[in-house]
Amino acid sequence: MPTNGLHQVLKIQFGLVNDTDRYLTAESFGFKVNASAPSLKRKQIWVLEPYPGQGTAVLFRSSHLGRYLSAEEDGRVACEAERPGRDCRFLVLPQPDGRWVLQSEPHGRFFGGTEDRLSCFATAISPAELWTVHLAIHPQAHLLSVSRRRYAHLCPQEDEIVADSNTPWGVDALITLIFQNRQYCLKSCDSRYLRSDGRLVWEPEAHTRYTLEFKAGKLAFKDCDGLYLAPVGPTGTLRAGRNTRPSKDELFDLEESHPQVVMVAANHRYVSVRQASGLGQGLSVKRGLRCETASCVKGEAGHVQLASKVVGGDGVNVSANQDEELDHETFLMQIDRETRKCTFYSSTGGYWTLVTHGGIQATATQVSATTMFEMEWRGRRVALKASNGRYVCMKKNGQLAAISDFVGQDEEFILKLINRPILVLRGLDGFVCHRRGSNQLDTNRSVYDVFHLSFSDGAYQIRGRGGGFWHTGSHGSVCSDGERAEDFLFEFRERGRVAIRARSGKYLRGGASGLLRADADAPAGVALWEY
């Protein structure tokens, strides 16, 4: 598996929702806790940690305060402990409907209550002691089977989701978690829901809803019959197995889904690591297959392996020489948190890197200064500046080289995001969601809507509920009932965050009123969105 942080398990953060639909909140003043918040924001986010040296006891750490929830013998609760002590130990007791009961491990009492009347003194479980787990991570990720060490992806040929991929490459590997009725659905990249029998359906139903369970920092998905999702059979088809308790086979990791992109140069051809001549020239294959020659054999876990060698040999030179958008034309793009420069990782297993005389090759195995590129957003196009201070251009033979001092037509590229056909946006105050009874969009919601993304000539069109297009109205308001598509420009400014530019030139931001507006001058702060 690739290293250098390409595959990073997401730290599971969540909110706890009580029976009156209010979130457990850690306040800065007095380190008090309450259940008064109607939505999931910073003060409502918690992290589950195992207690060192204890088998089943766990800790609840406030992501906001960095301190631990504790319950004293008299039932008083607070979030003040900088280091976990005896009173910080809790047992999680999952209930049949998927909700949790939190029990003080040293004192045996149950934690619950409403608003600012929380305590851990109940001797019996009532509705006030039941908590729903609401994940606070971005819901679009890669799903990794812990036992098989393989990634789940949509297999269009078999019309199912299978866990048989060494790397989460291409759009098919995107899984979206949908939070509905206190449970979760798994949505494939083509917007279908995974049933517990392995089928994919277009509408959610009882057998597409799963209770989320945590075990040793991993996730398990329990269906309505009490059985758990697992990869089954040689191909690892995802469906409910026979176990009523999660073993290693039923456990999964969620991993960060970095943007995967294709680029088109001034010659209208795709940038690729496939060589223009040699073995297999002219042969192609649909995205997701692992080889591009007729001489293939089936390998371990159903992988396609080459009987000879991979098309394009090493994939050394990065060139604009292809007419199709396949694996060799797809690059995983990572943005460094500090410098905001980016790397491009190829399907052949190498990073783009600057070599002698300014050439660009996909041969680096480690991130270094020569693999970092500065992105300049130029409307519908993007320019890349290499570590030598020069711009990447397309030479006459199609090869890329960082040899230009200025940006012209040959230095501009169309950059297209390919692994977000469905889009979930989260800002500083919450998720983007349709406002009830309105064509406008809220930006501070605990729940999220899934939007559909299309692409044309360097710009994106966004469709909402009912198929209406996003469009900008008066005073910069963004509505979702347009009959005609309006172009928006996506600028990937930070790791995991995108700025969205409207036709007015202004950026979309979340306002104090919660409305989505296109009136920000700079792509920063409230104008940046997790995607």
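Residues numbered from 1 in each chain as written. Predicted model: local features only at pLDDT ≥ 70, side-chain atom pairs only at ≥ 80, totals over all residues. Heavy atoms only, no water.

1. Comments concerning the overall build of the protein chain
Across its full length, the protein chain carries zero helices and 50 strands. Since a compact globule built from 531 residues should have a radius of gyration of about 24 Å, the 25 Å found for the protein chain is in line with a globular shape. Once the C-alpha set of the protein chain is aligned to its principal axes, its extents read approximately 80 × 55 × 45 Å. Buried positions account for 55% of the 531 residues belonging to the protein chain. Here the protein chain displays about 22,800 Å² of accessible surface, and carbon together with sulfur accounts for 46% of that area. The protein chain carries 65 positive and 61 negative side-chain charges, and their two centres are separated by 1 Å. (Helix = DSSP H or I, 4+ residues; strand = E, 2+ residues; numbered from the N terminus. Rg over C-alpha atoms; globule rule 2.2 N^0.38 Å. Buried < 20%, exposed > 50% of the residue type's maximum accessible area, 1.4 Å probe, protein only. Areas by Shrake-Rupley, 256 points an atom, 1.4 Å probe, with all protein chains shown as cover. Lys, Arg positive; Asp, Glu negative; His and termini not counted. Charge placed at Lys NZ, Arg CZ, Asp CG, Glu CD.)

2. Observations concerning the packing of aromatic side chains
Working definition: an aromatic ring pair is given by the centre-to-centre distance plus the angle between the planes. Taken as a whole and assessed by the stated rule, the structure comprises 22 aromatic pairs. Ring geometry for Trp169 and Tyr345: centres 6.4 Å apart, planes at 55°, overall tilted. In this pair, Trp169 is assigned in the loop between strand S15 (160-165) and strand S16 (175-180) and Tyr345 in strand S31 (residues 342-346), connecting sequence segments 176 residues apart. When its relative accessible area of 10% is taken as the criterion, Trp169 is described as buried. When the centroid spacing of 4.9 Å and the interplanar angle of 70° are considered together, the rings of Tyr345 and Tyr351 count as edge-to-face. Residue Tyr345 shares its accessibility class with Tyr351, and that shared class is buried. Every member of this aromatic cluster is reached through a ring pair, and the members are Phe14, Phe60, Phe90, Trp100 and Phe214. Positioned over the ring face of Tyr51 is Arg89, at 5.3 Å from the centre of the ring. Cation over ring: Arg109 sits above Phe121, and NZ or CZ is 4.3 Å from the ring centre. (Phe/Tyr/Trp six-rings, centres within 6.5 Å; stacked < 30°, edge-to-face > 60°. Lys NZ or Arg CZ within 6 Å of the ring centre and 35° of its normal.)

3. Observations regarding unusual backbone geometry
We note that Phe31 has phi near 55°; this positive angle belongs to a residue other than glycine. Within the secondary structure layout, Phe31 lies in the loop between strand S2 (23-26) and strand S3 (33-37).

4. A few points about the state of the cysteines
In this structure the tally under the stated criterion is zero disulfides. The thiol of Cys189 is unpaired, and the distance to the nearest cysteine sulfur, on Cys155, comes to 11 Å. Given a relative accessible area of 9%, Cys189 falls into the buried group. Cys433 takes part in no disulfide bond, and the closest cysteine sulfur to it belongs to Cys479, at a distance of 15 Å. Classification of Cys433 by relative accessible area gives buried; the value is 4%. (Disulfide = S-S within 2.5 Å.)

5. What about the pairing of strand S17 (residues 183-187)?
The element S17 is extensively covered by neighbouring structure, given that five of its five residues are classed as buried. Side chains Gln183, Cys185 and Lys187 of S17 all project onto a buried face; the interleaved residues Tyr184 and Leu186 project onto the opposite face, where all are buried too. Counted between consecutive antiparallel strands, the loop separating S16 from S17 contains two residues, among which Asn181 sits at a positive phi close to 50°. (Pairing = 2+ DSSP bridges.)

6. Re the nonpolar core
In terms of nonpolar packing, the biggest core is built from 57 residues, with Phe14, Phe60 and Phe221 touching the most fellow members. Beyond its immediate stretch of four places on either side in the chain, Phe60 contacts Phe14, Leu16, Trp46, Val47, Leu48, Arg67, Tyr68, Leu69, Phe90, Val92, Trp100 and Leu102. Listed in part, the 51 residues of the second largest apolar core include Ile335, Met394, Phe413 and Tyr531. (Core = buried A, V, L, I, M, F, W, Y, C linked by side-chain atoms within 4.5 Å. Contact = heavy atoms within 4.5 Å.)

7. Concerning the environment of Val201
Of note, Val201 is situated in strand S19 (residues 200-201). Residue Val201 is classed as buried on the basis of its relative accessible area of 10%. Each residue touching Val201, except ones within four places of it in the same chain, is listed here: Arg192, Tyr193, Arg195 and Thr208.

8. So, the pattern of salt bridges
One pass over the structure, following the stated rule, counts 35 salt bridges. In this structure, a network of salt bridges that share partners links the residues Arg195, Asp197, Arg199 and Glu205. (Salt bridge = Lys/Arg side-chain N within 4 Å of Asp/Glu carboxyl O.)

9. Side note on the environment of Arg493
In this structure, Arg493 sits in strand S46 (residues 489-494). In sequence terms Arg493 and Arg337 are 156 residues apart; their C-alpha atoms lie 9.9 Å from each other. Discounting chain neighbours no more than four positions away, the residues touching Arg493 are Ile335, Arg340, Trp377, Ala499, Tyr507, Pro523 and Leu528. At a separation of 2.6 Å, a polar atom in the side chain of Arg493 contacts the side chain of Glu491. (Polar contact = N/O pair within 3.5 Å; in protein donor to acceptor, adjacent residues only side chain to side chain.)

10. Focus on the pairing of S2
A two-sided burial pattern is seen for S2, the buried positions comprising Tyr23 and Thr25 on one face and Leu24 and Ala26 on the other. Pairing between S2 and S3: three bridges, direction antiparallel. From the neighbouring strand, Tyr23 faces S3, where its bridge partner is Ala37. The turn joining S2 and S3, which pair antiparallel and follow one another in sequence, is formed by six residues; a positive phi near 70° is taken by Gly30.

11. What about the side chain of Ser62?
When you line up the elements, Ser62 lands in strand S5 (residues 58-62). In terms of polar contacts, Ser62 uses its side chain to reach the backbone amide nitrogen of His64, at 3.2 Å. One polar contact links the side chain of Ser62 to the main-chain amide nitrogen of Leu65, over a distance of 3.0 Å.

12. Side note on the side chain of Thr472
Topologically, Thr472 is positioned in strand S44 (residues 469-472). A polar contact is formed between the side chain of Thr472 and the side chain of Glu486, at a distance of 2.8 Å. Polar side-chain contacts of Thr472 include one of 3.5 Å to the side chain of Arg503.

13. Notes on the environment of Ser456
Along the chain, the position of Ser456 falls in strand S42 (residues 451-456). Note: C-alpha distance between Ser456 and His138 (318 residues apart in sequence) is 26 Å.

14. Quick look at the confidence of the model for the protein chain
The predicted model of the protein chain averages 88 in pLDDT, with 90% of residues at 70 or higher. Contacts for the low-pLDDT stretch residues 277-315, under 50 throughout, to residues beyond four places or in other chains number 76 contacts. (pLDDT = per-residue confidence, 0-100.)

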